[in-house]
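Below are the chains, spelled out letter by letter.
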Amino acid sequence: MKTSALITMLLANGIVIAMAAYFFWRVLRSGPPDEVDEDKANFPRGG
Amino acid sequence: MSKENWGSRVGLVLAMAGNAVGLGNFLRFPAQAIQNGGGAFIIPYLVCFLLMGLPLLFVEWSMGRYGGRYGDHSTPFILHNVSGGRSLWKYVGVFGIFTNLAVAAYYCYLESWTLAYVWRSVSGAFTGYDSAAVSQMFTDYVSLGTSEPIIFWILCLLLNTWILSRGLAGGVEVAAKVGMPLLILFGIFLAIRGVTLKEGVDGAIYPGTEGLNFLWTPQFDSIWNFKVWLAAAGQVFFTLSVGMGSIQCYASYLRQRDDVALNAMSAGWMNEFVEVVLGASILIPISVGYLGVERVIEMTQTGGLGLGFRTLPYLFQQWGPILAALAGMAWFGLLFFAGITSSLAMGTPVIGFLRDEFGWKREHAAWVFGGLTLLLGAPTVFFFQYGVFDEYDYWAGSVSLVVFAMLEVILFAWVFGMDNAWAEITRHADIRVPKVYKYIIKYVTPVILIVVFLGSLFGDGGILAKIVNKDIYEAMSKATDPMEIAELKKKHLFVNASRWLLVAVFVLIAYMVWLADRKRKREGYIPIIRND
């Protein structure tokens, strides 16, 4: 494989894999929101 | 009606990523990359993802959660609220139901091809046939030579309807949790096979790296080519399923303290992983390995569908019967999972609208959606050869998306106001969204979308040429065979009829929105008027 192609591929794939893995890991790590939910504040239904 | 929510955050992110990951990740992306000079395409593509894709994800996720706060789960009344009660915007929101219904109508048929081809691969239906015969099998399939396409189409519709009738947590989320990991697993298997293809082994005439060389060799002069940028922006746009109304619908089921920024980033980058890493490592290396770059460029001129369904099943046969069956199952299986996780997302806004506005039960709404998809999809199945499928894809699956996305980003950034929009995006965010996105969403993304829209108006395949059926008239003027002229006249008739059908569907949905609005007013609902 050509060196320039290999570098571009590794760079692009590396960025995409790192970002996808990082954000998914953050999702896995973060807990559920507080139990007290604004949903219970009875927002009026708009129309 | 009790408020429905997602069962888990991982399930939500997988469902959102599944919504974005579609057949286009594996078929359209490689074809676009090849048609736009291989390595020339990647840099504009990634830039467009950062400047248009991610901002649109932030906008749609935030609008969805905002709408969910007031009990709205489809775009007509989400947009109505975001606009501060301006009437016109709820009719712009009609796009968010129309697009999903019209795209689901033909997409479920496409999805059923993949299911049928999984069966064909596993049962060894391609064994012993040459490339022309395998290609002919696909022609026979879409010409409805047997009852098989109808059986698989109905099966697919039933499966979609059944999953939708089970709701978000019990249906859509479960499908995403099963489908997405399997899709990635199948993709990794095929990508490894593709990039490790050796010259002279299993009939390959080039190594798998030949295709990778073509795709990844940078061509920096392409940065000045407007057409490449337009193609890259178009691909980013379609791959993320933005401009459809399905993201807003999924996000409307979030709890109000749920984050949208991290979720949007995670789902968006997961889609990019599937597209850039897996999508680029299967179709191109395998097809270039057997056919060479020039032949693959020629074959992808009309998209990646032909290569995926006509050519790959034959190329897999060169790997021996067991590996061919496994590869066929993995390839069409991953396309099926990519398809179904998207079509489920298309059903949700329609069901949400019927439940919110007319008080229907989820099960009833799901079966009505299934019935409508069947009725609206029937012309694409029975008149496929007359271009009805392509018409649906063009008007509902392309033009509507661009128009809706352009209007919604203007609404969010300029009518709702960028300060409100930014507050909505960053509210309860689990990550710090770079502040530069406040300016990108306000100025850059709308400009890119306007340019994409204007770019799609003109040219041979543009909207204006399409409206006047330029391609059909040109073909008619060149045709000399009376049979061919008669077929073109028939095509002209079906193309126009399918357009009027789509217009009628749009008008019908707009009428239902008007009825829903009247009902809301009767019941005393108050529009959300902001004081800022």
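**As for the overall build of chain A**
Part 1 of the argument: In terms of helices and strands, chain A carries one helix and zero strands.
Part 2 of the argument: Within chain A, buried positions represent 28% of all 47 residues.
Part 3 of the argument: When the accessible surface of chain A is split by element, carbon and sulfur atoms take 67% of a total near 3100 Å².

**Thoughts on unusual backbone geometry**
Residue and element names in this part refer to chain B.
Part 1 of the argument: One non-glycine residue, Ser 241, lies in positive phi territory at about 55°.
Part 2 of the argument: Its place among the elements puts Ser 241 in the loop between helix H12 (226–239) and helix H13 (246–251).
Part 3 of the argument: The phi dihedral of His 428 is positive, around 60°, even though this residue is not glycine.
Part 4 of the argument: For His 428, a relative accessible area of 27% gives the class partly exposed.

**Some words on helix H21 (residues 418–426) of chain B**
All names here are of chain B.
Part 1 of the argument: Listing the buried residues of H21 in full gives Met 418, Ala 421, Trp 422, Glu 424 and Ile 425. Across the axial projection of H21, the buried residues extend over an arc of 160°, all falling on one side.
Part 2 of the argument: Positive phi shows up at His 428, right after H21, with a value of about 60°.

**Side note on the environment of B:Thr373**
All names here are of chain B.
Part 1 of the argument: Its location among the elements puts Thr 373 in helix H19 (residues 362–382).
Part 2 of the argument: Note on Thr 373: relative accessible area 1%, which makes it buried.
Part 3 of the argument: Distance in space between the C-alpha atoms of Thr 373 and Tyr 106 is 8.2 Å, their sequence separation being 267 residues.
Part 4 of the argument: Polar side-chain contacts of Thr 373 include one of 2.6 Å to the backbone oxygen of Phe 369.

**Details of the interface of chain B and chain A**
Part 1 of the argument: If you look at the interface, chain B gives 45 residues, while chain A gives 31 residues.
Part 2 of the argument: In total, about 3400 Å² of surface goes out of reach between chain B and chain A, with carbon and sulfur atoms giving 66% of it.
Part 3 of the argument: Three residues, B:Trp216, B:Arg257 and B:Trp269, lead the burial of chain B against chain A; their summed loss comes to 20% of the area buried on that side.
Part 4 of the argument: Joining chain B to chain A, the criterion identifies zero salt bridges.
Part 5 of the argument: Of all the secondary structure elements, the ones that give two or more residues to the side of chain B that touches chain A are helix H1 (9–20), helix H4 (39–69), helix H5 (75–82), helix H11 (208–216), helix H14 (261–278), helix H18 (321–358) and helix H25 (482–522) of chain B.
Part 6 of the argument: Top contributing element to the side of chain B that touches chain A by residue count: H14(B), with ten residues.

**What about the nonpolar core?**
Residue and element names in this part refer to chain B.
Part 1 of the argument: Counting residues in each nonpolar core, the largest one holds 198 residues, and the members touching the most others are Phe 26, Trp 61, Trp 113, Trp 216 and Trp 331.
Part 2 of the argument: Residue contacts for Trp 61: discarding those within four places in its chain leaves Leu 12, Met 16, Ile 247, Ala 251, Leu 254, Val 260, Asn 263, Ala 264 and Ala 267.
Part 3 of the argument: Ile 472, Ala 479, Leu 488 and Val 495 belong to the second-largest nonpolar core, a separate cluster that totals five residues.

**Describing the side chain of B:Asn25**
All names here are of chain B.
Part 1 of the argument: Checked against the element boundaries, Asn 25 lands in helix H2 (residues 23–26).
Part 2 of the argument: Its relative accessible area of 1% is what places Asn 25 among the buried residues.
Part 3 of the argument: Within the structure, the side chain of Asn 25 is placed 3.4 Å from the side chain of Thr 239, a separation counted as a polar contact.
Part 4 of the argument: In contact with Asn 25, other than residues within four places in its own chain, are Ala 20, Pro 30, Thr 239, Asn 271, Val 274, Glu 275 and Gly 279.

**Details of helix H22 (residues 436–457) of chain B**
Residue and element names in this part refer to chain B.
Part 1 of the argument: Taking 1.5 Å per residue as the helical rise, H22 with its 22 residues ought to reach 32 Å, and the 30 Å between its terminal C-alpha atoms agrees with that figure.
Part 2 of the argument: Along its length, H22 shows its largest kink, about 35°, at Lys 442, and proline Pro 446 lies within four residues downstream of that point.
Part 3 of the argument: Along H22, the positions that sit buried rather than exposed are Tyr 437, Lys 438, Ile 440, Ile 441, Thr 445, Pro 446, Ile 448, Leu 449, Val 452, Phe 453 and Leu 457.
Part 4 of the argument: In this fold, the buried residues of H22 make contact with H4, H12, helix H20 (388–415), H21 and helix H23 (463–467).

**Things to note about the packing of aromatic side chains**
Residue and element names in this part refer to chain B.
Part 1 of the argument: Scanning all chains against the criterion turns up 40 aromatic pairs over all chains.
Part 2 of the argument: Among the aromatic side chains, those forming a connected cluster through ring pairs are Tyr 106, Tyr 109, Trp 113, Tyr 117, Phe 126, Phe 138, Tyr 141, Trp 153, Phe 309, Phe 332, Phe 384 and Phe 389.
Part 3 of the argument: The cationic tip of Lys 442 hangs over the ring face of Trp 414; the distance from NZ or CZ to the ring centre is 4.7 Å.
Part 4 of the argument: Across the ring face of Phe 77, the terminal group of Arg 520 is positioned such that the distance to the ring centre comes to 3.8 Å.

**Side note on the packing of H1(B) against helix H10 (residues 167–195) of chain B**
The packing of two helices is summarised by the inter-axis angle and the distance between the axes.
All names here are of chain B.
Part 1 of the argument: Where H1 contacts H10, the two axes come as close as 8 Å, and the packing angle between them is 75°. Taken together, the axis directions place H1 and H10 in an arrangement best described as roughly perpendicular. The segment H1 lies against H10, with Gly 11, Leu 12, Leu 14, Ala 15, Ala 17 and Gly 18 engaging Val 172, Glu 173, Ala 176, Lys 177 and Met 180.
Part 2 of the argument: Class assignment of the residues belonging to the contact of H1 with H10 gives a composition of seven nonpolar, two polar and two charged.

Reading the values: rules and limits
Residues numbered from 1 in each chain as written. Chains lettered and ligands numbered in written order. Predicted model: local features only at pLDDT ≥ 70, side-chain atom pairs only at ≥ 80, totals over all residues. Heavy atoms only, no water. Helix = DSSP H or I, 4+ residues; strand = E, 2+ residues; numbered from the N terminus. Buried < 20%, exposed > 50% of the residue type's maximum accessible area, 1.4 Å probe, protein only. Areas by Shrake-Rupley, 256 points an atom, 1.4 Å probe, with all protein chains shown as cover. Arc of directions from axis to C-beta. Polar contact = N/O pair within 3.5 Å; in protein donor to acceptor, adjacent residues only side chain to side chain. Contact = heavy atoms within 4.5 Å. Buried area = accessible area lost by both parts, 1.4 Å probe. Salt bridge = Lys/Arg side-chain N within 4 Å of Asp/Glu carboxyl O. Core = buried A, V, L, I, M, F, W, Y, C linked by side-chain atoms within 4.5 Å. Expected span 1.5 Å × (residues − 1). Bend = angle between axes of the 7 residues up to and from the residue. Phe/Tyr/Trp six-rings, centres within 6.5 Å; stacked < 30°, edge-to-face > 60°. Lys NZ or Arg CZ within 6 Å of the ring centre and 35° of its normal. Axes fitted to C-alpha atoms, helices over the stretch in contact; angles between N-to-C directions. Parallel < 35°, antiparallel > 145°, perpendicular 65-115°, else oblique. Nonpolar A, V, L, I, M, F, W, Y, C, P; charged D, E, K, R; others polar.

Worth remembering: the numbers are spatial, not functional.
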